[in-house]
Amino acid sequence: MAYDAEDTRRRIFAAAAAEFAERGLAGARVDRIARSARANKQAIYLYFGDKERLFTAVVRAKLEEVGAALSIDPDDIAASVGQLFDWHREHPELIRLLLWEALESAGPTGPDSEHAGAAAGGRGDAPEPGPSPDSGLRDAFQEKAAHLARAGDQRASKDERLRVAQDLLFSVMSLISWNFAVPRTCRATLGEETEAAALDRRRTAVIEAARTLAAAAADGRGGA
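Reference entry: report on the structure contained in this document. Note that the structure is a prediction, hence the values are computed from the model and not measured. (Residues numbered from 1 in each chain as written. Predicted model: local features only at pLDDT ≥ 70, side-chain atom pairs only at ≥ 80, totals over all residues. Heavy atoms only, no water.)

This part covers the packing of aromatic side chains. Under the definition given, this model contains two aromatic pairs. Looking at R9, its charged tip hangs above the ring of F48, at a distance of 5.2 Å from the centre. (Phe/Tyr/Trp six-rings, centres within 6.5 Å; stacked < 30°, edge-to-face > 60°. Lys NZ or Arg CZ within 6 Å of the ring centre and 35° of its normal.)

What follows is the structure, given as C-alpha cells:
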C-alpha cells in the first residue's frame, strides 16, 4: 500500500489532540502520540516540528473549529446558543486544551506565537515572516460580531454597536464554556447527581441568560 502522507498527518493530529487534552503540553509525550497515531516520531517532526509547535497547531485548529461552529443569529438567539452549547458538549477537548494552554503559557498567544507551525517542511526550517497566525481566527470572530452589531441599537454609532456586539459574543461564549471547564463545580452547585443532569439544566439557563443579554444589547442597555 502506498504511503499516504495526508492520512498520516490526520492520525497524528487526532492522537495529539487527545494526548494534549488529557495531559497538557508538559505531560504529553511524542512517543505516545506516535504510537496512538500508528506513525513514527520522525513523521511528527517532519509535519509539525517539535512538540510545542504541534500543541500550537492543535489549539489553533480547535479554535477554528469552534469559530466555524459559532453562528449566532440575533433573530434566534435561543437556537444559536443551544447549538453552540451542544457543540461544546460533543467536543470537550477544546476547553481542556485552552485550560492547559493558559496554565502552561504556551500556544498561539505566547510570546513566540509568530513562529508556531513554521516547521511543516522540517524541524529546522526558519519561520517565514507574515501575518499573525491568529489573524484568520480574529477575522472570523470579528465577522460574527459585525453580524450581531447590525441588529443592535440603531441609535448608537456603528463603533458603539460593534463594541456591544463583541462583548455580547464573548459573554455568550463564556457562559457556555465555563460549564465544561468546571463540570464538578457545576454539578455540586446545582445539587445534581450526574453531570448530564447538570448540563441539561445549564443549557436552559444559558439560553435564557443569552436572551436577556441580547435584548439589552438590542435596546441600548448593553455596554462595554
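What follows deals with the nonpolar core. Counting 54 residues, the largest nonpolar core has I12, F20, I33, L54, V81 and I176 as its most contacted members. No other element matches helix α8 (residues 158-181), which puts eight residues into this core. (Core = buried A, V, L, I, M, F, W, Y, C linked by side-chain atoms within 4.5 Å. Buried < 20%, exposed > 50% of the residue type's maximum accessible area, 1.4 Å probe, protein only. Helix = DSSP H or I, 4+ residues; strand = E, 2+ residues; numbered from the N terminus.)

With that out of the way, let us pick up the packing of helix α1 (residues 5-27) against helix α4 (residues 51-69). Two elements in contact, α1 and α4, have axes whose closest approach is 10 Å; the angle formed by their N-to-C orientations is 105°. Taken together, α1 and α4 sit at an angle that is classed as roughly perpendicular. For the pair formed by α1 and α4, the contact residues are F13, A16, A17, F20, L25 and A26 on the first element and K51, E52, L54, F55, A57, V58, A61 and K62 on the second. Each residue belonging to the contact of α1 with α4 can be placed in one class, and the counts come to eleven nonpolar, no polar and three charged. (Axes fitted to C-alpha atoms, helices over the stretch in contact; angles between N-to-C directions. Parallel < 35°, antiparallel > 145°, perpendicular 65-115°, else oblique. Contact = heavy atoms within 4.5 Å. Nonpolar A, V, L, I, M, F, W, Y, C, P; charged D, E, K, R; others polar.)

Moving on, we come to the side chain of N179. Within the secondary structure, N179 is located in helix α8. On the basis of relative accessible area, N179 is assigned to the buried category, the value being 4%. Separated by 2.6 Å, the side chain of N179 and the backbone oxygen of L175 make a polar contact. If near-sequence neighbours (up to four positions away) are discounted, N179 is found in contact with F85, C186, L199, R202 and V206. (Polar contact = N/O pair within 3.5 Å; in protein donor to acceptor, adjacent residues only side chain to side chain.)

Structurally, A181 can be placed in helix α8. Overall, the relative accessible area of 18% leaves A181 in the buried class. With 86 residues separating them in the primary sequence, A181 and I95 have C-alpha atoms 6.0 Å apart.

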